[in-house]
Amino acid sequence: MKIGTPKETFAGERRVAMTPDSATALQKLGHTCVIETGAGLEAGFDDAAYTAAGVEVVKTAAALWKAADVLAKVRVPDATEMKRLREGQTLISFFSPVADEKKMKSAATKGATVVAMEMIPRISRAQKMDALSSMANIAGYRAVIEAGNNFGRFFTGQITAAGKVPPAKVLVVGAGVAGLAAIGTSTSLGAITLAFDVRPEVAEQVESMGAEFVYLDFEEEQTDGAATGGYASVSSPEFREAQLAKFRELAPEVDIVITTALIPNREAPELWTEDMVAAMKPGSVIVDLAAEKGGNCKLTVMDEKVVTENGVTIIGYTDFPSRMASQASSLYSTNIRHLMTDLTPEKDGEI
């Protein structure tokens, strides 16, 4: 079958769903590959690299959608792309099937097959296809880099001839994939790193990475805080109050807060309140990885960086993986390649 990747139409999106390396692997499965001209340019892959890998480069998106049997994309297709989807085609992409019933019905009416990358179950044999984790890993890493870019001091402590520099103190809220990536990056840069999660079973992981797990003096914390798919479950009001009380205690002490608490298909829980922001030192930084769903911080503005009256910088960017387009494209295209390997067991080019 012919696998095609169009240039992403979402404003500011720099990732691409097929790289020259992934195209080489797809061809070994018996498929042929086609890509729209310029699709990989912002991720660091020019048309010549694709041509060298045996990929056909076409000039327009319309020509690509017409030629391909399988479409591999990153972002949810827009209205024009949905019109181009036809009977018998397979679309592999992030798709938001729960949130966008209209697109689901449109694909069904056309007789197309859609594989929503975010709906692949997070089980052991599917880890290699887990694009949510791939992208969350990058987001967690990049969150620390963005925090450092907006923080006026070193992460690591230093003793120099010019004086003593204390280490930064970083709090990571949520120890899922993004949180663990942030913890690893923060500790490697020399910061004192604290981490909190409603799932006490992750404490060992946190501590093994050189961070300190924040425990609550609350009985419910000893229960299982995990929900299906490895996400945190919704906590009781009593647990939430104990959690917020601990955060209020920590707010004046920490220099950087990275929040990662998000459950799919829900609004983000508010965990860092306005009074906590007010209690933080001038020059402190908050990076809110849940900005797309309302944010974990009360004052987060989606896709913007704001500075509060007391000098706290709050970053609400939603494009962290796209800011590392080359790495993100490599990982995401590998997820798709693994999916196609499972869908093409005979390596005969037929899914």
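Definitions and limits used
- Residues numbered from 1 in each chain as written.
- Predicted model: local features only at pLDDT ≥ 70, side-chain atom pairs only at ≥ 80, totals over all residues.
- Heavy atoms only, no water.
- Helix = DSSP H or I, 4+ residues; strand = E, 2+ residues; numbered from the N terminus.
- Buried < 20%, exposed > 50% of the residue type's maximum accessible area, 1.4 Å probe, protein only.
- Polar contact = N/O pair within 3.5 Å; in protein donor to acceptor, adjacent residues only side chain to side chain.
- Pairing = 2+ DSSP bridges.
- Right-handed = clockwise from strand over helix to strand, strands pointing away.
- Axes fitted to C-alpha atoms, helices over the stretch in contact; angles between N-to-C directions.

S.K.: For this particular structure, what's the right way to read unusual backbone geometry?
M.R.: Excluding glycine, residues mostly carry a negative phi; peptide bonds, for their part, are mostly trans. The phi angle at Asp303 is positive, at roughly 65°, despite the residue not being glycine. Mapped onto the fold, Asp303 is located in the loop between strand 13 (285–288) and strand 14 (305–307). You can call Asp303 partly exposed: its relative accessible area is 42%. Of note, Lys347 is a non-glycine position whose phi angle comes to about 55°, a positive value. Owing to a relative accessible area of 55%, Lys347 belongs among the exposed residues under this scheme.

S.K.: It is not clear to me how the side chain of His31 should be interpreted in this structure. Could you clarify?
M.R.: Structurally, His31 is set in the loop between helix 1 (20–28) and strand 2 (32–36). Here His31 falls in the buried class, since its relative accessible area comes to 3%. Separated by 2.9 Å, the side chains of His31 and Thr344 make a polar contact. At 3.5 Å, the side chain of His31 and the backbone oxygen of Gly349 are in polar contact.

S.K.: What is the right way to read the pairing of strand 1 (residues 2–5) from this model?
M.R.: For a regular strand, side chains alternate in direction, first toward one face of the sheet and then toward the other. Sheet topology note: the strand 1/strand 2 ladder contains four bridges and is parallel. Across the sheet, Thr5 pairs through a bridge with Ile35, a residue of strand 2. Tracing the backbone out of strand 1, into helix 1 and back to the parallel element strand 2 gives a crossover that is right-handed. Bridging between strand 1 and strand 4 (residues 70–72) involves two bridges; their strand directions are parallel. Considered in strand 4, the bridge of Ile3 is made with Val70.

S.K.: Teacher, can you tell me more about the sheet that holds strand 5 (residues 90–93) here?
M.R.: Paired through their backbone hydrogen bonds, the strands of a sheet run either parallel or antiparallel. Read from one edge of the open sheet, six strands run 3-2-1-4-5-6, paired in parallel fashion. The open sheet has two edge strands with one neighbour each: strand 3 (56–58) and strand 6 (113–116). Pairs of neighbouring strands in the sheet enclose a mean axial angle of 20°, with direction left out of account. Pairing between strand 2 and strand 3: three bridges, direction parallel. Considered in strand 3, the bridge of Val34 is made with Glu56.

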